[in-house]
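Chain by chain, the residues:
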Amino acid sequence: MIDTFAEFKELKNIDRATMMSVIEESFRTLLKKKYGEDSNFDIIINIDKGDFEIWRNRVIVEDDQLTDPNTQISITEARKIDKDYEVGEEVTDEVKLKEFGRRIILSLRQKLTSHIMDLEKSHVFNKYKDKIGEIVVGDVYQIWKREILILDDEGNELLLPKQEQIPTDFYRKGDTIRAVVLSVEMKNNVPSIILSRTSPKFLERLFESEVPEIFDGLITIKKIVRIPGERAKVAVESYDDRIDPVGACVGMKGSRIHGIVRELRNENIDVINFTNNTNLLISRALSPAKITSIKIDESRKHASIFLNPDQVSLAIGKGGLNIKLAGELTGYTIDVYRESDEADEEDVNLDEFSDEIDQWIIDELKNIGCDTAKSVLELSVDDLVRRTDLEEETIREVIRILKSEFSN
């Protein structure tokens, strides 16, 4: 029992007052069970030494007036302790644990241990419940196929699942990890703390730590969209006309954003100035492409973007990431079209081939900015396979059909 109690003093997550209260409550329950009441007992707890004492206070009465051995002691018994005792005085003597019996002590030990562990778990749960959306730091303790076990500075266990890791993340045991607290739940009475490095909230918190104007509320992050490890777009707005929100986020020569990019494994981050002007917002979201004109269909939340041929690939981006994120950031479905070139009157719109090519294949090609026959033929088979969900065999057949149009 003493060994078990001594272990409790090592627990850092439970404050002294709570610890002492739980231990005293457990012993008072035991005293009530054995003696009927506990009001005349003093329990002295020494957290630092991991020790405790129980003292019982009893009033001295004449031998023939003893009615309650728990609160009273006969003068004869009292004088065995100290011959100078008189009737009416109070005797305080220590109650030894062995008086309760081994079975009761073992039961008490088990209940006490369980109660303390529950308090420990509750503390961890409440602590991290308040940290949801905040960045925490921990060390890699164990690496499994589906998740990484991380320990914080108090030894609490945190989990970073595979799907919440940036694809290019690589860690060894002992490495330090920064991540945002994604969720906190109690599972089988054990706190389950899930971290994330792919959440937009993680990027938001990184900006707060690197950009004082965001931390102070002078600049607000309106929205963040990201494909972890690849690309992200961040829309920011300043409440002070003297502050350039984009410049403040990027920093002198990129000094502020470089640290964020490194933390995110070289994720390409576009910071744009938020505006309520839809046309302008979409135009900025498709940066670095320069847009010729935009047609907005508010009812369908659809935007048709027209660009010069040399700007189409910039708008689409590698693997279609730029246009995908621009759509998520603005909330519009974006289709890209090449501005018609008067000198190239021979080019044919893809829709003209709908009798030979399935419409879903035409739509897939349009999604990467290829809305005419020649815009498709300008790309290699490998490029088309990489940028669309089409099979190589399908693409080769499309190219054959398109080429036949110009060979006639």
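Going by the structure above, here's the rest.
Residues numbered from 1 in each chain as written. Predicted model: local features only at pLDDT ≥ 70, side-chain atom pairs only at ≥ 80, totals over all residues. Heavy atoms only, no water.

## Concerning the overall build of the protein
Move 1: When you go through the protein residue by residue, the secondary structure sums to 15 helices and 15 strands.
Move 2: Its C-alpha radius of gyration of 36 Å places the protein more than 25% over the 22 Å reference for a compact globule of 408 residues.
Move 3: The buried share of the protein, taken over its 408 residues, is 44%.
Move 4: Counting every atom, the protein has about 22900 Å² of accessible surface; 46% of that belongs to carbon and sulfur.
Move 5: The centroid of the 58 positive side-chain charges in the protein is displaced by 4 Å from the centroid of its 81 negative side-chain charges. (Helix = DSSP H or I, 4+ residues; strand = E, 2+ residues; numbered from the N terminus. Rg over C-alpha atoms; globule rule 2.2 N^0.38 Å. Buried < 20%, exposed > 50% of the residue type's maximum accessible area, 1.4 Å probe, protein only. Areas by Shrake-Rupley, 256 points an atom, 1.4 Å probe, with all protein chains shown as cover. Lys, Arg positive; Asp, Glu negative; His and termini not counted. Charge placed at Lys NZ, Arg CZ, Asp CG, Glu CD.)

## Some remarks on the sheet that holds strand S11 (residues 231–238)
Move 1: With respect to topology, 3 strands assemble into an open sheet ordered S10-S11-S12, the strand pairing being mixed. Two strands lie at the open edges of the sheet, namely strand S10 (219–227) and strand S12 (268–273), each paired on one side alone. Each adjacent strand pair in this sheet contributes to an overall mean axis angle of 20°, direction not counted.
Move 2: When S11 meets S12, the two strands line up parallel, connected through 6 bridges. Residue pairing for S12: lysine 233 is matched across the bridge by aspartate 270.
Move 3: Packed on one face of the sheet, helix H11 (residues 321–330) meets S10, S11 and S12 and runs near 135° to S10. (Pairing = 2+ DSSP bridges. Axes fitted to C-alpha atoms, helices over the stretch in contact; angles between N-to-C directions. Contact = heavy atoms within 4.5 Å.)

## Let's talk about the environment of glutamate 298
Move 1: The topology assignment puts glutamate 298 in the loop between strand S13 (293–297) and strand S14 (302–307).
Move 2: Glutamate 298 gets classed as partly exposed once you look at its relative accessible area, which sits at 44%.
Move 3: Those residues within four positions of glutamate 298 in sequence are excluded, and the remaining contacts are Thr278 and Tyr332.

## Notes on the pattern of salt bridges
Move 1: For the structure on display, the rule yields 27 salt bridges.
Move 2: Notably, a salt bridge pairs aspartate 240 with arginine 242, separated by 2.9 Å at the nearest N-O pair.
Move 3: The exposure class of aspartate 240 is buried, given its relative accessible area of 17%.
Move 4: Here glutamate 392 ties to arginine 396 by a salt bridge, and the two come within 2.9 Å at their closest N and O atoms. In this pair, glutamate 392 and arginine 396 both sit in helix H15 (residues 392–407), 4 residues apart, roughly one turn of the helix.
Move 5: On the basis of relative accessible area, glutamate 392 is assigned to the partly exposed category, the value being 39%.
Move 6: Under the relative-accessibility criterion, arginine 396 is labelled partly exposed at 47%.
Move 7: It is possible to trace a salt-bridge network through shared partners that takes in Glu134, Lys201, Glu204, Arg205 and Glu208. (Salt bridge = Lys/Arg side-chain N within 4 Å of Asp/Glu carboxyl O.)

## Concerning the packing of helix H10 (residues 309–316) against H11
Move 1: In contact at an axis separation of 5 Å, H10 and H11 are set at 65° when each is read in the N-to-C sense. By the criterion of interaxial angle, the relationship of H10 to H11 is roughly perpendicular. The segment H10 lies against H11, with Leu314, Ala315 and Ile316 engaging Leu321, Asn322 and Ile323.
Move 2: Its residues placed into classes, the contact of H10 with H11 shows 5 nonpolar, 1 polar and no charged. (Parallel < 35°, antiparallel > 145°, perpendicular 65-115°, else oblique. Nonpolar A, V, L, I, M, F, W, Y, C, P; charged D, E, K, R; others polar.)

## Considering the sheet that holds S14
Move 1: Taken together, the 3 strands give an open sheet; going across it, the order is S13-S14-S15, and neighbouring strands pair in mixed fashion. The open sheet terminates on both sides in strands that have one partner only, identified here as S13 and strand S15 (333–338). Strand-to-strand twist across the sheet, computed as the mean angle between neighbouring axes with direction ignored, equals 20°.
Move 2: With 6 bridges connecting them, S14 and S15 associate as parallel partners. Counterpart to isoleucine 305 in the pairing with S15 is valine 336.
Move 3: Lying on the sheet, helix H9 (residues 278–285) is in contact with S13, S14 and S15; it crosses S13 at an angle near 120°.

## As for unusual backbone geometry
Move 1: Note the cis peptide between serine 287 and proline 288, where omega equals 15°.
Move 2: With respect to the helices and strands, proline 288 occurs in the loop between H9 and S13.
Move 3: In the Ramachandran plot, asparagine 188 falls in the positive-phi region, its phi being about 55° despite a non-glycine side chain.
Move 4: Note on placement: asparagine 188 falls in the loop between strand S8 (176–187) and strand S9 (190–196).
Move 5: If you check the backbone angles, arginine 265 has positive phi at about 60° while not being a glycine.
Move 6: As for its placement among the helices and strands, arginine 265 is situated in the loop between helix H8 (255–263) and S12.

## Topic: the packing of aromatic side chains
Move 1: What the rule picks out here adds up to 2 aromatic pairs.
Move 2: Here tyrosine 35 and phenylalanine 41 contribute two aromatic rings whose centre-to-centre distance is 5.2 Å and whose plane-to-plane angle is 35°, an arrangement assigned as tilted. Each member of the pair, tyrosine 35 together with phenylalanine 41, is buried.
Move 3: Geometrically, the ring pair formed by phenylalanine 306 and tyrosine 337 is stacked, given 5.4 Å between the ring centres and 25° between the ring planes. Here phenylalanine 306, found in strand S14, pairs with tyrosine 337, found in strand S15; they are 31 residues apart in sequence, far enough to count as distant.
Move 4: The class for phenylalanine 306 is buried, based on a relative accessible area of 18%.
Move 5: For lysine 222, the ring lying beneath its charged end belongs to phenylalanine 274, and the centroid distance is 5.2 Å. (Phe/Tyr/Trp six-rings, centres within 6.5 Å; stacked < 30°, edge-to-face > 60°. Lys NZ or Arg CZ within 6 Å of the ring centre and 35° of its normal.)

## Observations regarding the pairing of strand S1 (residues 41–46)
Consecutive side chains along a regular strand alternate between the two faces of the sheet.
Move 1: Here S1 shows a clear split, with Phe41, Ile43 and Ile45 buried on one side and none of Asp42, Ile44 and Asn46 buried on the other.
Move 2: Across 6 bridges, the pairing between S1 and strand S2 (residues 51–61) is antiparallel. The residue of S2 that forms the bridge with aspartate 42 is tryptophan 55.

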